[in-house]
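Each chain is listed here by its residues.
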Amino acid sequence: YSKQQDETPAWKKVNYQNVYKDIADLLEDENYDDGSYGPVFVRLAWHASGTYDKKTRTGGSAGATIRHAPESEHGANAGLNVARRRLEPLKQKYRNISYGDLYTLAGVVGVQELGGPTVQWRPGRSDKQADACTPDGRLPDAAQGADHVRDIFYRMGFDDREIAALVGAHALGRCHTYRSGFDGPWNASPTVFTNFFYTELLENTWVPKKWDGPKQFVDKPTGAFMMLPADMAFKTDPRFRTYIELYARDQDTFFNDFSAAFAKLLELGVKFPEDAPTYRFKPLD
Ligand code: CCH
């Protein structure tokens, strides 16, 4: 075979539309949580990327260091091994895909296939070894408030509007006591991407949960739904609250803003090959 063929970079040898389809096929499992791996794939993509520090230009999804100890063992990443294990057969099937591309693409699939907006995505991340792991403490601490949330997301390069849009992902999934210590879903449809994070936050009266677990909030009438202390900050902080009210009444604006901010998150710190195409995958039927 020709020499030229051998020099094709690995990322170019992958059919990402096929990977998208195969990830989508891994979402459903009636025995897992609320029936879908979508939420935990979105969280994996976010935690793989949200370690970025714009000053030192370290962290982010480029090296997929989240798969290595000690980063994999950081408290914030508890439970994400479940998502990585679910995706591993696809790394074996598509040997040329990088883990960074696989984990971020899984986040895109999770958002889109659960009914969220389409999210632009590019391939070409190249994996790094454990010595590139980021220090603990780069991801947000759910027990803290608006100042902390701003510190964390400003470090990545986001503004208040983008932060308020990103946290809308808390329409999806749930908290697990054996992962974060917190407990419960944010709303009644945790496997559908909606603007319910904002509507629930504004429309309910949230009271401290009576239990011996970490401080969190539950809705007053039923106690079935939850908010983290960090989530509550979006209601009490006046500058965040403007956007919470906007997204609660305007789902289209939320979808547009989320799509742009999530795509930006997945690219933080990544130096893409110049000829890496941008994909906008069609959701499957
Ligand atoms: Fe989050 N998140 N997140 N989150 N998150 C948790 C679960 C999910 C914080 C804390 C937690 C974002 C921002 C924040 C998801 C997506 C995003 C949990 C429970 C905690 C704690 C984990 C468990 O027990 O399994 C805090 C604090 C912030 C910001 O201040 C952003 C940004 C995103 C994505 C764009 C998703 C999805 C879940 C559900 C995971 C699942 O397994 O169901």
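Quick notes on the rules
- Residues numbered from 1 in each chain as written.
- Predicted model: local features only at pLDDT ≥ 70, side-chain atom pairs only at ≥ 80, totals over all residues.
- Heavy atoms only, no water.
- Domains from an automatic or database assignment.
- Contact = heavy atoms within 4.5 Å.
- Salt bridge = Lys/Arg side-chain N within 4 Å of Asp/Glu carboxyl O.
- Polar contact = N/O pair within 3.5 Å; in protein donor to acceptor, adjacent residues only side chain to side chain.
- Helix = DSSP H or I, 4+ residues; strand = E, 2+ residues; numbered from the N terminus.
- Nonpolar A, V, L, I, M, F, W, Y, C, P; charged D, E, K, R; others polar.
- Pairing = 2+ DSSP bridges.
- Near = heavy atom within 4 Å.
- Core = buried A, V, L, I, M, F, W, Y, C linked by side-chain atoms within 4.5 Å.
- Buried < 20%, exposed > 50% of the residue type's maximum accessible area, 1.4 Å probe, protein only.
- Donors = N, O, S within 2.8 Å, 3.2 Å for Na, K, Ca; no water.
- Axes fitted to C-alpha atoms, helices over the stretch in contact; angles between N-to-C directions.
- Phe/Tyr/Trp six-rings, centres within 6.5 Å; stacked < 30°, edge-to-face > 60°.
- Lys NZ or Arg CZ within 6 Å of the ring centre and 35° of its normal.
- Expected span 1.5 Å × (residues − 1).

K.L.:
Where do I start with the domain arrangement of the protein chain in this structure?
P.N.:
By a widespread convention, an interface's size corresponds to the accessible area lost as its parts come together. Partitioning the protein chain into domains gives domain 1 (3-138 + 262-267) and domain 2 (146-260). A straight line from the C-alpha centre of domain 1 to that of domain 2 covers 23 Å. At the interface, 29 residues of domain 1 touch 22 residues of domain 2. Taken together, domain 1 and domain 2 are joined by 2 salt bridges. With its nearest N and O atoms 3.1 Å apart, the salt bridge here joins Lys-264 to Glu-162. Joining domain 1 to domain 2, the criterion identifies 15 residue pairs in polar contact (both at pLDDT 80 or more). Of all the elements in the fold, those that place two or more residues in the side of domain 1 that touches domain 2 are α3 (38-49) and α11 (251-267). The class makeup of the residues in the side of domain 1 that touches domain 2 is 15 nonpolar, 8 polar and 6 charged.

K.L.:
How should I be thinking about the sheet that holds strand β4 (residues 217-219) in this particular structure?
P.N.:
As a general point, the strands of a sheet are linked pairwise by backbone hydrogen bonds and lie either parallel or antiparallel. Spatial ordering of the open sheet is given by β3-β4-β5, a layout of 3 strands whose pairing is antiparallel. Every other strand in the sheet has two partners, leaving β3 (206-208) and β5 (226-227) as the edge strands with one partner each. Taken together, the 3 bridges between β3 and β4 define a ladder with antiparallel strand orientation. Its bridge partner being in β4, Pro-208 is matched across the sheet by Phe-217.

K.L.:
Hey, could you run me through the site of the ligand in this one?
P.N.:
In the neighbourhood of the ligand, 24 residues make up the surrounding shell, with His-170, Gly-173, Arg-174, His-176 and Ser-180 lying closest. Between a nitrogen atom of the ligand and a side-chain N or O atom of His-170, the distance comes to 2.9 Å. Mapped onto the shell around the ligand, the elements with two or more residues apiece are α3, α6 (146-156), β1 (174-175) and α11. With 4 residues, α3 is the largest single contributor of residues to the shell around the ligand. Here the shell around the ligand is composed, by residue class, of 17 nonpolar, 4 polar and 3 charged. Formed jointly, the shell around the ligand draws a minimum of three residues from each of two domains, domain 1 (3-138 + 262-267) and domain 2 (146-260).

K.L.:
Sorry, what's going on with the nonpolar core here?
P.N.:
Side chains of nonpolar character tend, in soluble globular proteins, to be buried together. If you look at the biggest cluster of nonpolar residues, it comprises 90 residues, and the most contacted ones within it are Ile-23, Phe-41, Leu-87, Leu-105, Phe-153 and Phe-262. The two domains that each donate at least three residues to this core are domain 1 (3-138 + 262-267) and domain 2 (146-260). Leave out the neighbours within four places in its chain, and Phe-262 touches Val-42, Ala-45, Gly-107, Val-108, Val-111, Val-119 and Leu-166.

K.L.:
Could you clarify how one ought to interpret the coordination of the iron atom of the ligand in this entry?
P.N.:
By definition of the ideal shapes, four donors in a tetrahedron about a metal sit 109.5 degrees apart, and six donors in an octahedron sit 90 or 180 degrees apart. From the protein, the iron atom of the ligand takes a single donor atom, His-170 (NE2), 2.1 Å away. Along the chain, His-170 falls in the loop between α7 (160-166) and β1.

K.L.:
Looking at this structure, I do not really get the packing of helix α10 (residues 238-249) against α11. What am I missing?
P.N.:
Between two packed helices, both the angle of their axes relative to each other and the distance between the axes serve to describe the pair. At their nearest, the axes of α10 and α11 sit 5 Å apart, and the two run at 115° to each other. Contact residues: Leu-246, Tyr-247 and Arg-249 in α10; Gln-251, Thr-253, Phe-254 and Asp-257 in α11. Residue classes in the contact of α10 with α11 are distributed as 3 nonpolar, 2 polar and 2 charged.

K.L.:
Explain the packing of aromatic side chains to me, please; I cannot follow it from the model alone.
P.N.:
To describe a pair of aromatic rings, you give the distance between the ring centres and the angle between the ring planes. Tallying each qualifying case throughout the model produces 22 aromatic pairs. Ring geometry for Phe-258 versus Phe-262: centroids 5.2 Å apart, planes at 20°, classification stacked. Taken together, the residues Phe-258 and Phe-262, both in helix α11 and 4 residues apart, mark about one turn of the helix. When sorted by exposure, Phe-258 lands in the same class as Phe-262, which is buried. Ring centres of Tyr-279 and Phe-281 lie 5.1 Å apart, and the angle between their planes is 5°; this geometry places the pair in the stacked category. Looking at Tyr-279, the relative accessible area reads 26%, which means it is partly exposed. Three or more aromatic residues joined by ring pairs make a cluster, and in this case those are Phe-193, Phe-197, Tyr-198, Tyr-247, Phe-254, Phe-255, Phe-258 and Phe-262. Geometry around Tyr-99 places Lys-91 over its ring, the cationic atom sitting 4.9 Å from the centre. The side chain of Arg-150 reaches across the aromatic face of Phe-240, ending 4.1 Å from its centre.

K.L.:
Would you mind going over helix α5 (residues 99-113) with me for this structure?
P.N.:
An α-helix turns once per 3.6 residues; consequently, residues spaced three or four apart project the same way. Between its terminal C-alpha atoms α5 stretches 20 Å, which fits the 21 Å expected from 15 residues at 1.5 Å a residue. Of all 15 residues that make up α5, 14 are buried, and the element is covered over most of its length. Following α5 by one or two positions, Gly-115 has its phi on the positive side, about 100°.

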